Amino acid sequence: MTKMKFYSGLKEIGGTVIGVETDKAICLFDFGFAYADRIDSKVPLRKGLEAYDYVKLGVLNAIDGIYEPEIANKLEIKGYGETDKEIFVIISHMHIDHMGGLGALDQRMPVYMSRESAILYHELGVMNELEIREHENIIPVDYDGSFTVGDITVTCVQVDHDVIGACGFMIATPDGNICYTGDYRYHGYHPEISAAFAQKCKGADVMISEGVTISHGDVDVLSLEGPARETSELTLLDKMKEYAKTEQGLIVINNYNRNVERVHNFVSAIRESGRELVLSPVQAEYVAAFYKEDRFSVYMPEGGEINAPLARNCQVVTRKMLLDNPSGYVLQQDYKDSYELFELAGVISVYLHMDGAPLGDYDPSFAKFYDLLSVAGINVVRCGLGGHAEPYYLRKQVDDIAPRTLIPLHSFRPEQLLSKKAGKIILPNVNDTIVLDNGECYYDNSAWCWSYCKHE
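Worth saying up front: this structure is predicted, and the values here are computed from it rather than measured.

Cut-off values and rules
Residues numbered from 1 in each chain as written. Predicted model: local features only at pLDDT ≥ 70, side-chain atom pairs only at ≥ 80, totals over all residues. Heavy atoms only, no water. Pairing = 2+ DSSP bridges. Helix = DSSP H or I, 4+ residues; strand = E, 2+ residues; numbered from the N terminus. Axes fitted to C-alpha atoms, helices over the stretch in contact; angles between N-to-C directions. Contact = heavy atoms within 4.5 Å. 1 Å grid on protein atoms, 1.4 Å probe; cavity = no way out; pocket = protein on both sides within 12 Å on 5 of 7 lines; lining within 4 Å. Points joined across faces, edges and corners; volume = space filled by probe spheres on them. Nonpolar A, V, L, I, M, F, W, Y, C, P; charged D, E, K, R; others polar. Core = buried A, V, L, I, M, F, W, Y, C linked by side-chain atoms within 4.5 Å. Buried < 20%, exposed > 50% of the residue type's maximum accessible area, 1.4 Å probe, protein only. Phe/Tyr/Trp six-rings, centres within 6.5 Å; stacked < 30°, edge-to-face > 60°. Lys NZ or Arg CZ within 6 Å of the ring centre and 35° of its normal. Polar contact = N/O pair within 3.5 Å; in protein donor to acceptor, adjacent residues only side chain to side chain.

Chemist: Just to check I follow, could you spell out the sheet that holds strand β11 (residues 206–210) for this structure?
Modeler: Backbone hydrogen bonds are what pair the strands of a sheet, in a parallel or an antiparallel way. As summarised here, the arrangement of the 8 strands in space is β7-β8-β9-β10-β11-β19-β20-β23, forming an open sheet in which the pairing is mixed. Taken across any chain shown, the strands that pair with only one partner, and hence form the sheet edges, are β7 (146–149) and β23 (448–450). Shown here is a sheet whose adjacent strand axes are inclined to one another by a mean of 20°, direction ignored. Across 5 bridges, the pairing between β11 and strand β19 (residues 405–409) is parallel. Its bridge partner being in β19, I208 is matched across the sheet by I407. Sitting on the sheet, helix α5 (residues 191–200) touches β8 (152–158), β9 (167–173) and β10 (176–180), and the angle it makes with β8 is about 150°.

Right, here's the structure in full:
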C-alpha cells in the first residue's frame, strides 16, 4: 500500500511538506519554510547547526533519513543513509515557502526539479540568495519527463506561476496516481499551460491542490460562473508601456525578481518607449540566465564593476546619469536597496510596486516601507498581480481533473475548495497519514471529509 503523510503546510500558506511512501521508496515534496515569522534576523542561526535550529523553531520538520547524521542524532531521528528505503525530494518551484529548506538537507539527498528551476536555483546561489548553502545533488527534469525511484514514478508537468520553472507532478505508485498542483495561476502569460496541466492529470486518484486565494473571507466556489479579475500580466505590460510614454521623470519598479519573464517582456516594451530599463545586479543575473538576447543596463550608483557574472558586460548606469536624464530610464530596484531612493526622490515621477517585497500589510516591513516612501515624497502606485489562481480557477482545475479524492491545502481556509466533480474531499491534520490502496483513500476519522453526493 501507499501512505501519504502530511507534515506541514495544510492550513497555512507556506511550508508544504508531504511524504509519499511505498514498499520501496519515499518521495517528499516540497521542502520550504513554515512559520517563517519565527525567524528573527537579529538572532543568527548557529553555523553548522542551521538545520537543527530550523527544526527546533518549527520552520522545518523532524523527518527520518534526510538530514546529516550528526544533526539527525541531535534531533533523535535517523540520518540520511540510515533508513531502509530510498528517499528523494521533488520541488515544484523556486519560492522560499516551497524550497527554502534545501540547504538543510544532507548534501547527498537527490533533489529533482524542472530544468528551468535548476538553473534559477543555481543562480540564487551565485547571488547569495539561498538559505544556509546551495544543495549539491540537484537533478534537472524536462517538462513531461519522468523518472523512477524504487517503485515510484514521477512526471514533471509544467504550470504557469509568477516564477520561471514552476511545475506540478504526477506521482505514480503501485496503488494509484497522485497529482500535486504546486502553485499555479491563469492570469499569467501562459494560461494555456495551466489548462494543459489539468488535461494531463485528468482522472487522478488523488489531487493535492493549493488554495491560496480562498484564504481570506467567505467564498462559495460552487456558485462561481467565471473569473472575476480583470488584470493580468498582459494588462500590466500595457500599463508599463503607458507609464513609460507619459511620465516625465524617473520611473522606479519594485518587481519580484524571480519573475524573470515579466522583466524580459518589459525590456523591449520600455525600449520602444524611448527609455532604457536599468536592473539591479541580482535581477540582471537572473534575466541573463534565461534571456541572453535581452539588452538592458545595470545600476551601480557610484559606478564600478558589476558583481553578477552573467551581466558583467552590460552597460553601467550610475546615479548621476539618472539624475541628469530621469526621463530616459526605468529603474528596477529591490526593497533592500530602498535607502537609495533618498538620493533619487527629487526626479522620481512614480514608484510602481508590482509584487516585490514587502508584499502586503501582513508583513511588518510593509507599513515601514510605505512610511519611508511618504517621508521621501514619492508617488507610489500598487499594481501587483499575485501568482495564484483565483477561486473560480481553483474549482475549475478540480472539475477538469475530476479526481477520486481531493486534498486541498496551502491555504488558511482549505475547506472552501469544493467541487462536484471530486469523489470526496479530505482535509488531513498535521502528521496525519492517508492510505492509498487500489486508487481509494482511507483515512483516520479525525480527518474532515466532504462528499458532494452527501450534501445534495
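Resuming the write-up.
Chemist: Would you mind showing me how to read the layout of surface pockets here?
Modeler: Unoccupied space between atoms shows up once a probe the size of one water molecule is rolled over them. One number sums up the size of the second largest pocket: a volume of about 330 Å³. What lines the second largest pocket is a set of 18 residues, among which Y7, E21, I26, I63 and D64 lie closest to the centre. When contributions to the lining of the second largest pocket are tallied by element, the ones reaching two or more residues are β1 (2–8), β2 (17–21) and β3 (25–29). A per-class count over the lining of the second largest pocket returns 8 nonpolar, 3 polar and 7 charged.

Chemist: Would you mind showing me how to read the nonpolar core here?
Modeler: A general trend in soluble globular proteins is that nonpolar side chains are found buried together. Among the nonpolar cores identified, the biggest contains 101 residues, and F31, Y67 and M240 are the most heavily contacted of them. In terms of residue count, helix α8 (residues 281–290) provides more of this core than any other element does, 7 residues in total. Those residues in contact with M240, other than ones at most four positions away along the chain, are I251, I253, F266, I270, V330, L352 and M354. Core analysis: the next-biggest nonpolar cluster, separate from the first, contains 31 residues, M4, C156, V206 and I434 among them.

Chemist: It is not clear to me how the sheet that holds strand β17 (residues 348–354) should be interpreted in this structure. Could you clarify?
Modeler: Pairing is parallel in the open sheet, where 7 strands are placed in the order β15-β14-β13-β16-β12-β17-β18. On the outer flanks of this sheet lie β15 (315–317) and β18 (380–382), each paired with one strand and no other. When the angles between neighbouring strand axes are averaged without regard to direction, this sheet yields 30°. Of the pairings in the sheet, the one linking strand β13 (residues 276–279) to strand β14 (residues 297–299) comprises 2 bridges and is parallel in character.

Chemist: Help me out: how do you make sense of α8 in this one?
Modeler: Since one α-helical turn is 3.6 residues long, residues separated by three or four positions face the same way. For α8, the buried fraction is high: 10 of the 10 residues fall into the buried class. All of the buried residues in α8 are P281, V282, Q283, A284, E285, Y286, V287, A288, A289 and F290. In this structure, the buried residues of α8 make contact with α4 (115–126), β12 (250–255), α7 (260–272), β13, β14 and β16 (329–332).

Chemist: How do you make sense of the packing of aromatic side chains when you look at a structure like this?
Modeler: Two aromatic rings, taken as a pair, are described by how far apart their centres are and by the angle between their planes. Tallied over the entire structure, the rule returns 13 aromatic pairs. Between F88 and Y112 the ring centres are 5.8 Å apart and the planes differ by 85°, which places this aromatic pair in the edge-to-face class. Taken together, the residues span a long stretch of sequence, with F88 in strand β4 (residues 86–90) and Y112 in strand β5 (residues 111–114) at a distance of 24 residues. Looking at F88, the relative accessible area reads 1%, which means it is buried. Looking at Y112, the relative accessible area reads 12%, which means it is buried. Seen in terms of ring centroids, Y184 and Y186 are 6.3 Å apart; in terms of plane orientation they differ by 75°. Their pairing is edge-to-face. The exposure classification of Y184 matches that of Y186, with both residues buried. Each residue in the set Y335, Y351, F366, F369 and Y370 is aromatic and connected to the rest through ring pairs, giving one cluster. A cation over an aromatic ring shows up here: K74 above the ring of Y52, its NZ or CZ 4.5 Å from the ring centre.

Chemist: Is there a simple way to explain the side chain of T181 in this structure?
Modeler: For T181, the location among the structural elements is in the loop between β10 and α5. Classification of T181 by relative accessible area gives buried; the value is 0%. Looking at T181, its side chain comes within polar contact range of the main-chain nitrogen of E210, at 3.2 Å. Excluding anything up to four places from it in sequence, T181 contacts V159, C167, G168, F197, M207, I208, S209 and E210.

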